[in-house]
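Notes for the structure review
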Amino acid sequence: MGGAGWLFLFAVLMAAGLLFTMVFFIIMFSDLECDYINPIDLCNKLNQFVLPEHTAHAFLAVLFLLSGQWIAFLLNAPLLAFNVNKIRSGNHMYDATEIFRTLPTHKKESFIKLGFYLLSFFYYLYRMIVALIADSE
């Protein structure tokens, strides 16, 4: 298996992990809406995943950039820029005092990221299969 095959295999696994992270975020937000969890517990649980999620996505984008996978990098660039902007402006962590006011925005962001990671998963899977077929010929 060549370099592109390993890269996209890693990307598939990372996309699956990020996908499950977004599902967890959405479940936690719906638990807050149904009052199964209090805002402090929610923010404590979700804040421990925010920076690892951003870091994993940034690492994947940098791998695409360094390996010359331009289409994959360009597909990831808008979300990467959005995440970097959130971190630079300082509003990347969830605040328990503001969570009810900003909950619809956080849910919308999580659903958009869920869709992005789902599409990315299948794109990386396709590219991995294409790379494996190209290596076998």
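Rules of the game
- Residues numbered from 1 in each chain as written.
- Predicted model: local features only at pLDDT ≥ 70, side-chain atom pairs only at ≥ 80, totals over all residues.
- Heavy atoms only, no water.
- Helix = DSSP H or I, 4+ residues; strand = E, 2+ residues; numbered from the N terminus.
- Buried < 20%, exposed > 50% of the residue type's maximum accessible area, 1.4 Å probe, protein only.
- Contact = heavy atoms within 4.5 Å.
- Areas by Shrake-Rupley, 256 points an atom, 1.4 Å probe, with all protein chains shown as cover.
- Patch = residues over 30% accessible without salt bridge, like charges linked within 9 Å, V, L, I, M, F, W, Y side chains within 5 Å.
- Salt bridge = Lys/Arg side-chain N within 4 Å of Asp/Glu carboxyl O.
- UniProt positions renumbered as here; feature names shortened; annotations may be inferred.
- Expected span 1.5 Å × (residues − 1).
- Axes fitted to C-alpha atoms, helices over the stretch in contact; angles between N-to-C directions.
- Left-handed = near helix turned anticlockwise from the far one by under 90°.
- Nonpolar A, V, L, I, M, F, W, Y, C, P; charged D, E, K, R; others polar.

Looking at the overall build of the chain
The secondary structure content of the chain amounts to four helices and zero strands. Listing each helix as α and each strand as β along the chain from the N terminus yields α-α-α-α. Expressed along its principal axes, the backbone C-alpha trace of the chain runs to roughly 55 × 30 × 20 Å. Per-residue burial over the chain gives 39% buried out of 137 residues. Contacts in the chain between residues far apart in sequence, at least 24 positions, make up 79% of those at least 6 positions apart. For the chain, the computed accessible surface area is about 7900 Å², with 70% contributed by carbon and sulfur atoms.

What to know about a nonpolar patch on the surface
On the surface, L51, I87 and M93 cluster together into a nonpolar patch covering about 230 Å² of accessible area. Of note, M93 is situated in the loop between α3 (70–89) and α4 (99–136).

As for the UniProt feature "transmembrane region" (unreviewed entry) in the chain
Sequence positions flagged by UniProt for "transmembrane region" (unreviewed entry) are, in local numbering, residues 7–29, 58–82 and 114–134. Split by type, residues 58–82 is 92% helix and 0% strand. Its first and last C-alpha atoms lie 11 Å apart. Between the first and last C-alpha atoms of residues 114–134 the distance is 30 Å; the span itself is 100% helix and 0% strand.

Here we look at the pattern of salt bridges
Any two side chains of opposite charge can pair if their charged atoms end up close together. Taken as a whole, this structure holds five salt bridges when the rule is applied. The shortest N-O distance in the salt bridge between E53 and K113 comes to 3.4 Å. Linking E53 in helix α2 (residues 39–67) with K113 in helix α4, this pair joins segments that are 60 residues apart in sequence. Assigned by exposure class, E53 and K113 land together as buried. One salt bridge in this structure joins K113 and E109, with 3.4 Å as the shortest N-O distance. With K113 and E109 both in helix α4 and four residues apart, this pair spans about one turn of that helix. Judged by relative accessible area, K113 falls into the buried class, the value being 4%. What you see here is one network of salt bridges that share partners, running through E53, K86, E109 and K113.

As for helix α1 (residues 3–33)
With 31 residues, α1 extends 45 Å between its outermost C-alpha atoms, agreeing within 8% with the 45 Å of an ideal straight helix rising 1.5 Å per residue. D35 lies just past α1 and shows a positive phi near 65 degrees.

Brief notes about the packing of α2 against α4
Orientation of α2 relative to α4, taken along the N-to-C sense of each, is 35 degrees, at an axis distance of 13 Å. For the pair α2 and α4, the sense of crossing is left-handed. Side by side, α2 and α4 meet where P39, L42, C43, E53, H54, H57, L60 and F64 of the first sit next to I99, F100, K113, F116, Y117 and Y124 of the second. For the contact of α2 with α4, the residue count by class is 10 nonpolar, two polar and two charged.

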